[in-house]
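Okay, here's what each chain looks like letter by letter:
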Amino acid sequence: MFLDHTSRGPALIDRHGRRIDYLRISITDLCNLRCFYCMPRQGVTKLPQADILTYEEFLKVARIAAGLGVRKMRITGGEPLIKRGAVKLVREIAAFPGVQTVAMTTNGTRLEKYAEVLKAAGLSRINVSLDSLRPDVYKRITRGGDLSAVLRGIDRAIEYNFRIKLNTVLINGMNADEVYRFIDFARDKGVEVRFIERMSFEDPDPYVPQDHVVATLADRYSLTPLPTASGSPHVRAFDCDGVRVGFISPRSHPFCDGCNKLRLTPNGKLKACLSSELNVDLRYILRRPHCDADIARAMSKAIALKPATGPWTACAEMWRVGG
Ligand code: SAM
Ligand code: SF4
């Protein structure tokens, strides 16, 4: 990794020439849903409270990352909106010099309550995870979730002019037949929909491949490929009769070439690759006498661990890493 200085300011470049300008911060490992593909059936062990970074520690990492050239931050979890202080974190991160975008990935169950304050805090984009538009299927996938609360949350976020993307993981035999319904819903609400291939290495055929979904859509709509958005090199996008549809397809169309991300887990591990176990323990440094340069050096170390392509041999603990 080296720190380059371009006309746009400092830039983190990894040893494969990729510019790293996006940090995803998972602020909690707790969630109020139990999506079956995210959380293991047998449940999960909560991280001890003392291991979770404090509010100040999250902020310090974000501030130093911004100083090194990270321009986009995403707050995720677990469910970020069940964590006390989430809105305050957004507000403070959005105010750091260099930060251009603060986004959030949420299951939407608490958006109705928080959309207004999140807007005032400076959040600009929201990804809402929504796997079914049928209440019974939604309940099955999330192991008990209430679809109507999420729909109300989406409406409230629309009211506050958020740029919204729906994240939908398609699963055969559950929601894979709802592709058209999602397009109609997205058109009706004026939002974007993104179909994500399920990451799991346990079932024999766990995911619905992008090409299958594209072919299904092409049966009914006219699809035009769109240029890749600069901040989202991992998303292949189409215009689908006026609806922007994105595909995140780690299984069938791996996207490591343009990967621009770092991920911070709630307990302070900085991961440079979702599919790799390798990480740098920032909490260890944060809780000993240190200066900003020590954290910056640790970030460089994490970036040096970023492989050209992920091993994809195991599924990350998504509820902890934050997707
Ligand atoms: N709770 C929030 C939510 O659901 O949006 C944020 C955390 S969640 C882990 C972030 C994203 O990861 C969600 O869109 C979810 O669908 C996705 N995800 C979780 N497990 C996954 C898996 N096994 N394969 C693909 N995506 C997954
Ligand atoms: Fe919770 Fe999000 Fe995982 Fe569902 S996908 S269990 S909402 S963390």
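Since the model is a prediction, treat every value here as computed from it, not as a measurement. (Residues numbered from 1 in each chain as written. Chains lettered and ligands numbered in written order. Predicted model: local features only at pLDDT ≥ 70, side-chain atom pairs only at ≥ 80, totals over all residues. Heavy atoms only, no water.)

### Regarding the site of ligand 2
Test applied: Any residue with a heavy atom positioned within 4 Å of a molecule or strand is treated as near that molecule or strand. Each residue receives one of three labels: charged for Asp, Glu, Lys and Arg, nonpolar for Ala, Val, Leu, Ile, Met, Phe, Trp, Tyr, Cys and Pro, and polar for the others, Gly being one of them.
Surveying the vicinity of ligand 2 reveals the residues C31, L33, R34, C35, C38, M39, G78 and N107. Taken together, the residues that form the shell around ligand 2 break down as five nonpolar, two polar and one charged.

### Points about empty space enclosed by the protein
Where we set the bar: Site definitions follow a grid-based scheme: protein atoms alone, a 1 Å grid, a 1.4 Å probe that fits but cannot get out for cavities, and for pockets an open set with protein on both sides within 12 Å along at least five of seven lines, plus lining residues having an atom within 4 Å of a point. Grid points are joined across faces, edges and corners, and a volume is the space filled by probe spheres set on the points. Segments assigned H or I by DSSP are reported as helices when at least four residues long, segments assigned E as strands when at least two residues long, and all are numbered from the N terminus.
Summed over the entire model, instances satisfying the criterion amount to three cavities of 30 Å³ or more. Contributing to the lining of the second largest cavity are L170, F195, I196, E197, V208, Q210, V213, F247 and S249. Elements represented by at least two residues in the lining of the second largest cavity include exactly β9 (192-196) and α7 (210-220). When the residues that make up the lining of the second largest cavity are grouped by side-chain class, the tally is six nonpolar, two polar and one charged.

### Looking at the site of ligand 1
Applied cut-off: Whenever a nitrogen or oxygen atom comes within 3.5 Å of another N or O atom, the pair is scored as a polar contact, on the condition that within protein one atom can donate a hydrogen and the other can accept it, and that pairs from neighbouring residues in sequence are kept only if both atoms are in side chains. The Shrake-Rupley method, run with a 1.4 Å probe, gives the accessible areas here. Residue values count only the displayed protein chains as cover.
Around ligand 1, 19 residues are found, and the nearest of them are Y37, G78, T106, S129 and M199. Between ligand 1 and E79, the relevant distance is 3.3 Å, taken from a nitrogen atom to a side-chain nitrogen or oxygen of the residue. At 2.5 Å, a side-chain N or O of S129 approaches an oxygen atom of ligand 1. Protein contact buries 95% of the 540 Å² of open area that ligand 1 shows by itself. Secondary-structure elements contributing two or more residues to the shell around ligand 1 are β6 (101-106) and β8 (163-169).

### Structural notes on helix α1 (residues 55-67)
In an α-helix, one turn spans 3.6 residues; hence positions three or four apart end up facing the same way. As a reminder, the rule being used: To estimate how far a helix should reach, multiply one less than its number of residues by 1.5 Å. The buried label goes to any residue with under 20% of its type's maximum accessible area, the exposed label to any with over 50%, and the partly exposed label to all in between, with areas taken from a 1.4 Å probe on protein chains only. A contact between two residues is defined here by any heavy atoms of the two lying within 4.5 Å.
Given a rise of 1.5 Å per residue, 13 residues ought to cover 18 Å, and the 19 Å separating the end C-alpha atoms of α1 matches this to within 8%. All of the buried residues in α1 are Y55, E57, F58, L59, V61, A62, I64, A65 and A66. Check the buried side of α1 and you find it contacts β4 (22-26), β5 (72-76), α2 (86-94), β13 (261-264), α8 (282-286) and α9 (292-304). Immediately downstream of α1, the backbone of G69 shows phi near 115°, a positive value.

### A closer look at the packing of α2 against helix α3 (residues 111-121)
When two helices pack together, you describe them by how their axes are tilted relative to each other and by the distance separating the axes. The condition is simple: Interaxial angle, 0 to 180 degrees, is taken between N-to-C directions of lines fitted to C-alpha atoms, where a helix line uses only the stretch in contact. We call two directions roughly parallel when the angle between them is under 35 degrees, roughly antiparallel when it is over 145, roughly perpendicular when it lies between 65 and 115, and oblique otherwise. Crossing handedness follows the turn of the near helix against the far one: under a right angle anticlockwise gives a left-handed crossing, and clockwise gives a right-handed one.
Put simply, α2 and α3 touch, their axes get as near as 8 Å, and they point 20° apart. One element, α2, and the other, α3, form an angle in the roughly parallel class. Regarding α2 and α3, the two cross each other, and that crossing is right-handed. Touching V87, V90, R91 and A94 of α2 are Y114, V117, L118 and A121, all from α3.

### Quick look at the nonpolar core
Going by this rule: Residues enter a nonpolar core if they are buried and are Ala, Val, Leu, Ile, Met, Phe, Trp, Tyr or Cys, with the set joined through side-chain atoms within 4.5 Å.
Core analysis: the largest hydrophobic core is formed by 95 residues, its most contacted members being I93, F195 and L217. Discounting residues that sit within four places of it in the chain, F195 has contacts with T168, L170, V179, F182, I183, V213, L217, V245, G246, F247 and I248.

### Comments concerning the side chain of R194
The line we're drawing: Residues scored as positive are Lys and Arg, those scored as negative are Asp and Glu, and His as well as the terminal groups of each chain are ignored. Any carboxyl oxygen of Asp or Glu that lies within 4 Å of a side-chain nitrogen of Lys or Arg is treated as forming a salt bridge with it.
Along the chain, R194 turns up in strand β9. Despite its burial, R194 pairs with no opposite charge, the nearest such side chain being E192 at 4.6 Å. Beyond its immediate stretch of four places on either side in the chain, R194 contacts N127, K165, L166, N167, T168, S232, V235, G246 and I248.

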